[in-house]
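Residue-level structural notes
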Amino acid sequence: MNANAPTVASADDILQAAIRLRREISGDLHEHVVEAIYADAARIADRAMTRPGEKSRPTFDRRLDRVLTSRVWGFPIMIAMFALMFWITIAGANVPSGWLANLLVDQLWPMLRTGANGLGFPWWLTGFLVDGVYLATAWVISVMLPPMAIFFPMFTLLEDFGYLPRVAFNLDRLFKKSGAHGKQAMTTMMGFGCNAAGVVATRIIDSPRERLIAIVTNNFALCNGRWPTQILVASLFLGSLVPAHLAGLVSAGAVVSVALLGVFFTFLVAWALSRTVLKGEVSSFSLELPPYRPPQLWQTLYTSLIDRTMIVLWRAVVFAAPAGAVIWLSANLKIGDLSVAQHLVHLLDPMGIFIGLNGVILLAYVVAIPANEIVVPTILMLTVLMTGSAEVGHGAGVMFELDSDASTKSLLEAGGWTVLTAVNLMLFSLLHNPCSTTIYTIYKETGSARWTALATLLPIGLGFLVTFLVTFVWRLF
Amino acid sequence: MKLWGITLAGLIVSGALVWPRCGVVARWRRARQLTERSQREDVLKHVLKCRANGTQPTLESIAGTLQISTGQAADVLQELESHGLLSYEGEALLLKPAGLEMALHIVRAHRLWESYLAEQTGVSEAEWHRRAERQEHLLTPREADALAAQLGHPRYDPHGDIIPETPGDLVAEKGQPLQAVPANTPVLITHIEDEPETIYAQLCAQGLRPGMRAFVIEKSAQRIRFWADGNEHVLAPVLANNLTVTLLPEYKTEDLAEEEFLSGLRTGQRAKVLGLSPACRGAERRRLLDLGFVAGTAVEVEMVSPAGDPTAYRVRGTVIALRREQSGLIRIATEEAVTA
């Protein structure tokens, strides 16, 4: 062919030439492109940029990294940091929780009742709206809001500062053994505050398989809504087994054991999942360690309050209000001589007793799917309903808590509770389906009904299994 | 009442049995049809592969490959002949154009599916072949084309085989078995035979992949000791027979033996990335490329986790932590000791 003469190639010829040329390229075409882009970018940058003085990072960062990831200090600093965070959360949340409960439940609730009666509402409408919808919502807010408003900003500050990626870096080896990603340390931590927020936080894991593992196992981190149940039951039933001066130690030990059991299940389930159902999912590891920077205090406070706390709270309220309605209705609608709740408790009793719990607890967990915070008040209300003791509580369908531990305990014992029931309740509180806010969040994050179903059913299946085994062994002795 | 019950139960049972498309009978028929079709296609594939490798397919070789009796194999051959896909020329079996096209499509679908599993899923290597053996009969030519486009028209499957194009022909496997190469000669592993499965699984477990550079250290009748991508491997000859290699005249044995990987870099040393090992593929490979682990990039160790793994590296101004399995896949050349 004459190279100088203009030639008109047909489309076919061009395509053939393209196919021929393509065959001549050795190796992966995409890789050549990436390499070329990097080489070009580096050349341009070198021409346009001067790097004065020392190229490496500021020495402060290096020194801090040496300490925070050192063999000697790395783990103790981490443990101390998180123990402090939890202590601040639990200790700090007590007071505002008390205020909110006082305001919303002790002050506002009777006022609303009087107001509704004054307006001439029929009893069922007052009960439905005030005792059902309002009370459940108020309860969730007063228990949930303060710890989250303390925990999330602290967490975000640490994240902003750049410490949390170092935690992932320190702990990665532990997570790797069970097929998970080091960043799951962060999402699990977040889960101790709130599982829904923990599930959202898994976005930081960019490998699909490890992210699904983190989502499915987040529920094994004992969330804020479940700590009070654990602490109450442990101090009522387990602390009382030993002499008074050891009671605090034993009940605290029991609660920590349950939380550690949750961590154990996180690893166990992650290990099992990565070897079975998640085998075919894509997996890749990378962890960037950004430079430290001073956290922006006000901005962090604002965003963590608005983005994390308020959104989670809003979803919880959206789910808690109808739950309150259902609880009130089930206790007040009657079929024959008994209320719906009583029928359901009778129905669930055989199964509950089989696994060392009872029908009241199971029903409480069904109606309290929207929020773990209302499990204890619901159990108390249902127990009064079943035992018919009139001296406590505020009537059918009205949730309550008792001021004195002794009276709570005697009420529960009247409902047939033993130490076994208490132990199993603690276990079941750890191992049951996530709350509806979390389930909804899992669905939003995974976009898959299948993974949502797995994340919901797996923990409750484990819960039934574990409580059954404990009961079986207990009854042998 | 009772009669009604029996009638209803009878209706339900017979409905479940003979319902069009989803009844037991229909399902069983479809499964049988698929098995028969798969057998026909597997025979065509076998004939094509024999042709490419210059061997002669026989009734026995067909029966052996498909794990059926010679009588069944003869039946399948007769059916293929009656469909005009195969013909006999004396004793030799020949593919007719339609048969060739069908066989090429099956090989193409198989190799594309393996590429797909390697690049876009986390399915483990030992399962690729088995899954592709099933999928090759389910993909239509149009689906295979779509898959090829989605994968960026790959030319080689993860075992190093050329993915054929239709129309076209199957290119014979180049190279020689590792065993045939004299000691201390640099070679490139071009192909790892994925049949039989047990042998392939052992080769996978040793971390051997096409694209690795290797040389034989010593050979004996019992075993063959060789160096491949920074590690020494020992294989029985029957295993080594499944590794196909081509010579690398432009390399020296010393270069290969001194090949370094990022996992071997010590604190305070600086190195330049040479490239990624072929064992690193799919999402993992793309991720490392995105992070800047491309030829020419300078790296140094920033810090090591207190648990011993992962290690954080300084790459293009950022600090990236990698696990040991990953850093063992990045080829480097150590530069000079950096004074800390």
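What you see is a predicted model; the values in this text were computed from it and never measured. (Residues numbered from 1 in each chain as written. Chains lettered and ligands numbered in written order. Predicted model: local features only at pLDDT ≥ 70, side-chain atom pairs only at ≥ 80, totals over all residues. Heavy atoms only, no water.)

1. Points about the confidence of the model for chain B
Per-residue pLDDT for chain B has a mean of 84; in total, 97% of the residues score no lower than 70. Confidence estimates for the predicted assembly give a pTM of 0.81 and an ipTM of 0.78. (pLDDT = per-residue confidence, 0-100.)

2. Points about the sheet that holds strand β4 (residues 187-192) of chain B
Residues and elements named next belong to chain B. If you trace the six strands from one edge of the open sheet to the other, you get β3-β8-β4-β5-β6-β7, paired in antiparallel fashion. What marks the edges here is a single partner per strand, and that holds for β3 (176-177) and β7 (231-235). Relative to strand β8 (residues 243-247), β4 runs antiparallel, the two sharing five bridges. If you follow L188 over to β8, its bridge partner there is T246. (Pairing = 2+ DSSP bridges. Helix = DSSP H or I, 4+ residues; strand = E, 2+ residues; numbered from the N terminus.)

3. Some words on the packing of aromatic side chains
Residue and element names in this part refer to chain A. Overall, the coordinates contain 17 aromatic pairs over all chains when judged by the stated rule. When the ring of F128 is compared with that of W328, the centres are 6.5 Å apart and the planes differ by 85°; the resulting orientation is edge-to-face. Of this pair, F128 sits in helix α5 (residues 123-161) while W328 sits in helix α12 (residues 297-332), and the two are 200 residues apart along the sequence. Residue classification places F128 among the partly exposed residues on the basis of a relative accessible area of 27%. Residue W328 is classed as buried on the basis of its relative accessible area of 6%. Of the aromatic side chains, those joined through ring pairs into one cluster are F86, F151, F152, F155, F192 and W227. Against the face of Y292 rests R166, its NZ or CZ located 4.1 Å from the ring centre. (Phe/Tyr/Trp six-rings, centres within 6.5 Å; stacked < 30°, edge-to-face > 60°. Buried < 20%, exposed > 50% of the residue type's maximum accessible area, 1.4 Å probe, protein only. Lys NZ or Arg CZ within 6 Å of the ring centre and 35° of its normal.)

4. Some details on the pattern of salt bridges
The full count for this structure, using the stated rule, is 24 salt bridges over all chains. Residue K279 of chain A is joined to E127 of chain B by a salt bridge in which the shortest nitrogen-to-oxygen separation is 3.1 Å. In this pair, K279 of chain A is assigned in the loop between α11 (244-275) and β1 (287-288) and E127 of chain B in helix α6 (residues 125-135), connecting two distinct chains. Look at the salt bridges and you will find they share partners, linking D42, K45, E133 and E136 of chain B into a network. (Salt bridge = Lys/Arg side-chain N within 4 Å of Asp/Glu carboxyl O.)

5. Here we look at a nonpolar patch on the surface
Residue and element names in this part refer to chain B. On the surface, V13, L17, V18, V24 and V25 cluster together into a nonpolar patch covering about 410 Å² of accessible area. Of all elements in the fold, only α1 (2-18) and α2 (24-53) reach the threshold of two or more residues within the nonpolar patch. The element best represented in the nonpolar patch is α1, accounting for three residues. In this fold, V24 is placed in helix α2. (Patch = residues over 30% accessible without salt bridge, like charges linked within 9 Å, V, L, I, M, F, W, Y side chains within 5 Å. Areas by Shrake-Rupley, 256 points an atom, 1.4 Å probe, with all protein chains shown as cover.)

6. Some thoughts on the interface of chain A and chain B
Residue-level contacts link 41 residues of chain A with 42 residues of chain B. Between chain A and chain B, the buried area comes to about 3,500 Å², and carbon and sulfur atoms account for 50% of it. Of all residues in chain A, the largest losses of buried area upon contact with chain B belong to Y38, F169 and F285 of chain A, amounting jointly to 19% of the total for that side. At the boundary of chain A and chain B, one finds six salt bridges. Notably, a salt bridge pairs R62 of chain A with E302 of chain B, separated by 3.1 Å at the nearest N-O pair. Run the count over chain A and chain B and you get 17 residue pairs in polar contact (both at pLDDT 80 or more). Within the residue set of the side of chain A that touches chain B, elements represented by two or more residues are α1 (11-24), α2 (29-48), α3 (59-68), α6 (163-177) and β1 of chain A. (Contact = heavy atoms within 4.5 Å. Buried area = accessible area lost by both parts, 1.4 Å probe. Polar contact = N/O pair within 3.5 Å; in protein donor to acceptor, adjacent residues only side chain to side chain.)

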